[in-house]
Amino acid sequence: MVYVCDEDFFAPSLVSCQSFNAKYYDDVDRYIFICTESDDFVEHARQYCAENKINAQVLKMDITAAKDFPVLAHLHPAAYGRLFLQDYLDPTYARVLYIDGDTLSGPVNIDFDVHLSGKTLGAVQDIGVVASRAAARLLNRPAEQDAKYFNSGVLLIDWPKWCAQGTGPSCVEYLNSGAYLPYGDQCALNNVCADNWVDLHPSWNTQTDLLSDPGLVQAARVFHFTGAAKPWQRDLWKHDVTFSKYYEKTLKGHPFDAIFRPSTVKSSFKRCFRALGKILGLKKMRNWAAWVSEHYG
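We now turn to the structure provided with this report. In this text, all values refer to a predicted model and were calculated from it rather than measured experimentally.

A few words now on the packing of helix 1 (residues 10-19) against helix 9 (residues 241-251). Running from N to C, helix 1 and helix 9 cross one another at 105°; their axes reach a closest spacing of 11 Å. Relative to helix 9, the element helix 1 lies roughly perpendicular. Across from A11, P12, V15 and S19 in helix 1, the residues of helix 9 making contact are Y246, Y247, T250 and L251. Class assignment of the residues belonging to the contact of helix 1 with helix 9 gives a composition of 6 nonpolar, 2 polar and no charged.

Another aspect to go through is unusual backbone geometry. Despite not being glycine, S117 shows a phi value in the positive range, around 55°. If you trace the backbone, S117 turns up in the loop between strand 5 (103-105) and strand 6 (121-125). Taking the relative accessible area as the measure of exposure, S117 reaches 48% and is therefore partly exposed. Phi at N140 is positive, roughly 55°, even though this residue is not glycine. Here N140 is to be found in the loop between helix 4 (135-138) and strand 7 (150-158).

With that settled, the discussion passes to the pattern of salt bridges. Tallied over the entire structure, the rule returns 11 salt bridges. Among the ionic pairs, D102 bridges to K230, the shortest N-O distance being 2.6 Å. Taken together, the positions of D102 in the loop between strand 4 (95-99) and strand 5 and K230 in the loop between strand 10 (222-224) and helix 9 put the pair 128 residues apart, joining distant regions of the chain. You'll find D102 and K230 in the same group, each marked buried. In this structure, the salt-bridge partner of K148 is D199, at a minimum N-O distance of 3.1 Å. Separated by 51 residues along the polypeptide, K148 in the loop between helix 4 and strand 7 and D199 in strand 8 (residues 197-199) bring together distant segments of the chain.

What follows covers the state of the cysteines. By the definition in use, this model includes 0 disulfides. Of all cysteine sulfurs, the one in C35 lies closest to C5, which takes part in no disulfide; the gap is 7.1 Å. Accessibility expressed as a relative area gives 1% for C5, which makes it buried. There is no disulfide at C193, and the cysteine sulfur nearest it, in C171, is 5.4 Å away. Judged by relative accessible area, which is 2%, C193 ranks as buried.

Basis of the calculations
- Residues numbered from 1 in each chain as written.
- Predicted model: local features only at pLDDT ≥ 70, side-chain atom pairs only at ≥ 80, totals over all residues.
- Heavy atoms only, no water.
- Axes fitted to C-alpha atoms, helices over the stretch in contact; angles between N-to-C directions.
- Helix = DSSP H or I, 4+ residues; strand = E, 2+ residues; numbered from the N terminus.
- Parallel < 35°, antiparallel > 145°, perpendicular 65-115°, else oblique.
- Contact = heavy atoms within 4.5 Å.
- Nonpolar A, V, L, I, M, F, W, Y, C, P; charged D, E, K, R; others polar.
- Buried < 20%, exposed > 50% of the residue type's maximum accessible area, 1.4 Å probe, protein only.
- Salt bridge = Lys/Arg side-chain N within 4 Å of Asp/Glu carboxyl O.
- Disulfide = S-S within 2.5 Å.

Structural data, given as structure tokens:
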């Protein structure tokens, strides 16, 4: 189980890592790679994990090779770190689960042995791309209107295949090619692995747009808070306050917290108005449960 983050995202990455049941995942090695130039920060993070008996190896990652990659408003350079994991992880691992830091464990446990049909990785379709029907354009396959584009926030990787096929270096090469990259490394991963991934059930990566359906929430293996607003930003988060309360409890006062934001009077009023609009049916929402049922059963 692997996370890659910068200093600011270390706290939510650690919270995510701790959210996965220790007993069920006891035999799973956990890594948090921090993209920073500060040895002191990494050592402080290691000491914190050791003192609090947190089962995670904290390591420093050098991403200077990514310095010329596209810098996007919603994408920190640390996101490119997953493309360099083969330089850091033991090649004998059978499976590697890469997870973004803006995630939490869902109520359903992860099955690391799920069949990948000979493909290099398993992933979930990007819900925003599904909604905008942009997959064919992002994959440079305009004629393939049924093309699928995955969200790279949760990747179940056949690690020997990833390493043998040079998936990370191939993505780096794609990033340097001048190709269209509105979503940075996610676009590179999708184009390099276009025919080499398994479309997993959305419960593996239950993205923000799916949180409105209680059934999808109960079936989730991983909650992924996609979009600009995160649940630890209580003044901006528009969805289930249960997640905000969880982060408030775990992040507030945390020695590494640099991101928690409390509610404001204005945000509380906005939340009430949104709730009222939902009750009155003023805002129409897509029935994602029906979409999941149609495509995954």
